[in-house]
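Residue-level structural notes
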Amino acid sequence: MIALHGTHNLWHANEDIGMTVVDKDVTIKAYPPLKKCNSYEDFYEAFSTVVGTFGSTGHDIPDEELAKWIDS
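Here's a quick rundown of the structure. (Residues numbered from 1 in each chain as written. Predicted model: local features only at pLDDT ≥ 70, side-chain atom pairs only at ≥ 80, totals over all residues. Heavy atoms only, no water.)

Moving on to the side chain of Asn9. In this structure, Asn9 sits in the loop between β1 (2-5) and β2 (27-30). For Asn9, a relative accessible area of 19% puts it in the buried group. Polar contacts involving the side chain of Asn9 include one to the side chain of His8, which spans 3.3 Å. Apart from residues no more than four positions distant in its own chain, Asn9 is found in contact with Val21, Val22 and Asp23. (Helix = DSSP H or I, 4+ residues; strand = E, 2+ residues; numbered from the N terminus. Buried < 20%, exposed > 50% of the residue type's maximum accessible area, 1.4 Å probe, protein only. Polar contact = N/O pair within 3.5 Å; in protein donor to acceptor, adjacent residues only side chain to side chain. Contact = heavy atoms within 4.5 Å.)

This is how it looks when you write it as structure tokens:
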């Protein structure tokens, strides 16, 4: 899995200011494979928890919780 944080700053779709770059800092994080998911709901929960958290905050979930989802 790959997570991106900050890509929303590369453009700003507010017509009042145009498509202006707000910031150029983007963070990319690659995670080891997920543990086997038994359903799409399991995958969705794992992906949104791990990648979604990093994408929205720029930080990982706590190591204990990350270990629950990552196959190591």
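Okay, back to it.
It is worth spelling out the side chain of Thr49 at this point. With respect to the element layout, Thr49 can be found in helix α1 (residues 40-57). Here Thr49 is in contact with Ile61, Glu65 and Trp69, once residues within four sequence places are set aside.

Before going further, it helps to examine the environment of Thr53. Tracing the chain through its elements places Thr53 in helix α1. What makes Thr53 partly exposed here is its relative accessible area of 25%. With 22 residues separating them along the chain, Thr53 and Tyr31 place their C-alpha atoms 13 Å apart. Polar side-chain contacts of Thr53 include one of 2.5 Å to the backbone oxygen of Thr49.

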